[in-house]
Amino acid sequence: SNTNNTVDERLLAVCEILEKHVDYYNWVGFYFKNGDKNELKLGPYVGAPTDHTIIPFGKGICGQVAVSNENFVVPDVAAQDNYIACSITVKAEIVVPLFVNGENVGQIDIDSNTPDPFTTEDERFLEFVCEEVAKILV
Ligand code: SME
């Protein structure tokens, strides 16, 4: 049953729902701070496998969000100098931090193959998703 699902299964289900129901969400995954190391570790995701399973704080869009605690919306990945490319099909990215008890513990990361698709509506929606996900992490 659903209630017996592990946290990772539930996080994967969130990724699957988002990727399935929003046509411009093409890669959806979670990164989490990796213990007391200054790096992120890839968690559940859907989409093309990525080599970037570990991302140092400050590196790429994800690593910047790990230290800024702020959403990062990238309308055009080609215009970013601190960006880690995972797939040549990706045109845009949004990363929203995930807070548990006020602490930035990780993030949801979404790549789009559509240029400049993300609006403030996506930000508010993904903040809501992260708040709901936080409840299953405590
Ligand atoms: N593009 C991200 C790396 C993770 S992949 O999108 C899955 C970044 O620049 O941090």
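Note that the structure is a prediction, hence the values are computed from the model and not measured.

Asks: Can you help me understand the overall build of the protein in this one?
Replies: A count of helical and extended segments in the protein gives three helices and six strands. Reading the secondary structure of the protein in the N-to-C direction produces α-β-β-β-α-β-β-β-α. The globule rule puts the C-alpha radius of gyration for 138 residues at 14 Å, and the 14 Å found for the protein is close to it. Principal axes of the C-alpha set define a box for the protein whose edges measure 40 × 35 × 30 Å. A burial count over the protein gives 41% of its 138 residues as buried. Restricting to contacts in the protein with at least 6 residues of sequence separation, those with at least 24 account for 49%. Only carbon and sulfur atoms are counted for the fraction: they give 50% of the accessible area of the protein, which is about 7500 Å². The centroid of the 9 positive side-chain charges in the protein is displaced by 5 Å from the centroid of its 22 negative side-chain charges.

Asks: Looking at this structure, how should I read the packing of aromatic side chains?
Replies: Where two aromatic rings form a pair, the distance of their centres and the angle of their planes describe that pair. Tallied over the full model, the rule gives six aromatic pairs. Ring plane angle 15° and centroid distance 6.1 Å describe the contact between Phe-30 and Phe-32, whose orientation is recorded as stacked. A relative accessible area of 0% means that Phe-30 is categorised as buried. A residue is classified by how much of its surface remains accessible, and Phe-32, at 17% relative accessible area, is buried. Cluster of aromatic residues (ring-pair linked, three or more members): Tyr-24, Tyr-25 and Phe-118.

Asks: How should I be thinking about helix 1 (residues 7-21) in this particular structure?
Replies: Because an α-helix packs 3.6 residues into every turn, residues spaced three or four apart end up facing the same way. For helix 1, spanning 15 residues, the distance from its first C-alpha to its last is 21 Å, which sits close to the expected 21 Å at 1.5 Å a residue. Turning to helix 1, its buried residues are Leu-11, Cys-15 and Leu-18. Axial view of helix 1: buried residues confined to an arc of 70°, hence all on one face. Along helix 1, exposed side chains directed more than 90 degrees from the buried face belong to Ile-17, Lys-20 and His-21.

Asks: Just checking my understanding: could you explain the side chain of Thr-50 for this structure?
Replies: Residue position: Thr-50 is located in the loop between strand 2 (39-46) and strand 3 (54-56). Thr-50 sits in the buried class, given a relative accessible area of 9%. In terms of polar contacts, Thr-50 uses its side chain to reach the backbone amide nitrogen of His-52, at 2.9 Å. Apart from the residues within four sequence positions on either side, Thr-50 is in contact with Trp-27, Tyr-31, Leu-42, Tyr-45 and Cys-86.

Asks: How should the sheet that holds strand 1 (residues 27-33) be read in this particular structure?
Replies: With antiparallel pairing, the six strands of this open sheet are ordered in space as 3-2-1-6-5-4. Each of the sheet's edge strands pairs with one partner strand only, and the pair in question is strand 3 and strand 4 (72-74). Each neighbouring strand pair of the sheet contributes to a mean axis angle of 25°, computed without reference to strand direction. Sheet topology note: the strand 2/strand 3 ladder contains three bridges and is antiparallel. Of the residues in strand 3, the one forming a bridge with Lys-41 is Ile-54. Sitting on the sheet, helix 1 is in contact with strand 1, strand 2 and strand 6 (103-112), with an inclination near 65° to strand 2.

Reading guide: rules and limits
Residues numbered from 1 in each chain as written. Predicted model: local features only at pLDDT ≥ 70, side-chain atom pairs only at ≥ 80, totals over all residues. Heavy atoms only, no water. Helix = DSSP H or I, 4+ residues; strand = E, 2+ residues; numbered from the N terminus. Rg over C-alpha atoms; globule rule 2.2 N^0.38 Å. Buried < 20%, exposed > 50% of the residue type's maximum accessible area, 1.4 Å probe, protein only. Contact = heavy atoms within 4.5 Å. Areas by Shrake-Rupley, 256 points an atom, 1.4 Å probe, with all protein chains shown as cover. Lys, Arg positive; Asp, Glu negative; His and termini not counted. Charge placed at Lys NZ, Arg CZ, Asp CG, Glu CD. Phe/Tyr/Trp six-rings, centres within 6.5 Å; stacked < 30°, edge-to-face > 60°. Expected span 1.5 Å × (residues − 1). Arc of directions from axis to C-beta. Polar contact = N/O pair within 3.5 Å; in protein donor to acceptor, adjacent residues only side chain to side chain. Pairing = 2+ DSSP bridges. Axes fitted to C-alpha atoms, helices over the stretch in contact; angles between N-to-C directions.

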